[in-house]
Structure formats: C-alpha cells, structure tokens
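Reading the structure
For reference, the chains in residue letters:
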Amino acid sequence: TVGQLVRTCASELGLADGQHSSFALYQIKHDGTHLLLRDELPISAVLQAKPSRRHMLHLTWLVQQPAAPRLLFKKRLYVKADEALMNTSARFLHLVFIQAVDTVLRGELNVTLSDAVKLASIQFYVRFGPFKQGGTEFTQSFMK
C-alpha cells in the first residue's frame, strides 16, 4: 500500500520510527501539481491502473500520462511536535529544509521580499558555510 511505501521511504532516508507520520506520497501530475495518495491505496493500483480503473480511483488525470508515473515523498503537514524533531534529528531537518526551498522556488509559498532575502541567505549559508574573509565564494564574480 501507499502507507507501507511511505514507511519504507522514511526508513531508507534514515528517519526514526514515528517520524514518518507527517510525510506522504504524492503523484506528480502532468501539469506539475502534486496529488496526495491515500495511505490505504495499493501501489499497484497507481502504477498499473488502466484508463477505466483510473476513473474509478479518481485518477482521471493519469489517462494522458506515460506508463511510469512519477511519485514524490514529501511532508504532508507540519505540527508543533516537528519543532522538537528539527532540533534533535538532522535528517528530519534536512528533509524539511529541502522541501521548504522547493516550495519557495516553485512559487507555492507567498513570501515578502524581505522573507525571500532571508531565506536566500539561509540557503547560501547552508550551501557555502560561514563568511570567510577573502573566500572566492563571496566575491561579486562568483555571485554572477
């Protein structure tokens, strides 16, 4: 089932037991949007659905899709307990960070210019580390 695959993905990514509960599996539609797949749905129904079966499963958008649908493992919802996990689990924090960057870059999260600059500076810090006087990654030519 989709739920079993979510648990397997979480385990393979190094998330501890119980950390998978706020993650889910999505199917990427042809227009780039993400469709949440229900945990009880058999994976075989998603991967091998024939057009008539697609209609029954409310997956009508798959009719024009190639045979191998693209699946995406991502955070489904954010809860207060996530804050503690972000302080104790580097893997959990990394997955949340990757998804946050993708969400902003895809334009799915409306942010102010000030917030966008802050997020960009955090991403730059994560990628290149703290400022080093004379470091090449902080020169104007590097930034272009």
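A brief look at the structure comes next. (Residues numbered from 1 in each chain as written. Predicted model: local features only at pLDDT ≥ 70, side-chain atom pairs only at ≥ 80, totals over all residues. Heavy atoms only, no water.)

Considering the layout of surface pockets
Computed from the structure, the largest pocket encloses a volume of approximately 300 Å³. Taken together, 16 residues make up the lining of the largest pocket; nearest its centre are F97, A100, V101, V104 and L119. Every element with two or more residues in the lining of the largest pocket is listed here: α5 (90-105) and α6 (113-128). Here the lining of the largest pocket is composed, by residue class, of 14 nonpolar, 2 polar and no charged. (1 Å grid on protein atoms, 1.4 Å probe; cavity = no way out; pocket = protein on both sides within 12 Å on 5 of 7 lines; lining within 4 Å. Points joined across faces, edges and corners; volume = space filled by probe spheres on them. Helix = DSSP H or I, 4+ residues; strand = E, 2+ residues; numbered from the N terminus. Nonpolar A, V, L, I, M, F, W, Y, C, P; charged D, E, K, R; others polar.)

Regarding the nonpolar core
In this structure, V2, L15, F23, L25, L37, L41 and F73 are the most contacted members of the largest nonpolar core, which totals 15 residues. Where this core is concerned, the elements lending two or more residues are α1 (2-12), β1 (23-28), α2 (43-47) and α5. Excluding residues within four positions of it along the chain, V2 makes contact with L25, L37, R38, D39, L41 and I43. (Core = buried A, V, L, I, M, F, W, Y, C linked by side-chain atoms within 4.5 Å. Buried < 20%, exposed > 50% of the residue type's maximum accessible area, 1.4 Å probe, protein only. Contact = heavy atoms within 4.5 Å.)

Regarding α5
Here α5 spans 22 Å end to end across 16 residues, near enough to the 22 Å set by a 1.5 Å rise per residue. Listed as buried for α5 are F92, L95, V96, Q99, V101 and T103. Positive backbone phi, at 75°, marks G107, one or two positions downstream of α5. (Expected span 1.5 Å × (residues − 1).)

Considering the pattern of salt bridges
Enumeration according to the criterion identifies 1 salt bridge in this entry. For R38, the salt bridge identified is with E40, shortest N-O distance 3.0 Å. For R38, a relative accessible area of 43% gives the class partly exposed. When its relative accessible area of 53% is taken as the criterion, E40 is described as exposed. (Salt bridge = Lys/Arg side-chain N within 4 Å of Asp/Glu carboxyl O.)

Examining the pairing of β1
Burial of β1 is extensive: 6 of the 6 residues sit out of reach of the surface. Burial along β1 is two-sided: the face carrying F23, L25 and Q27 and the face carrying A24, Y26 and I28 are both buried. Taken together, the 5 bridges between β1 and strand β3 (residues 71-75) define a ladder with antiparallel strand orientation. Across the sheet, L25 pairs through a bridge with F73, a residue of β3. (Pairing = 2+ DSSP bridges.)

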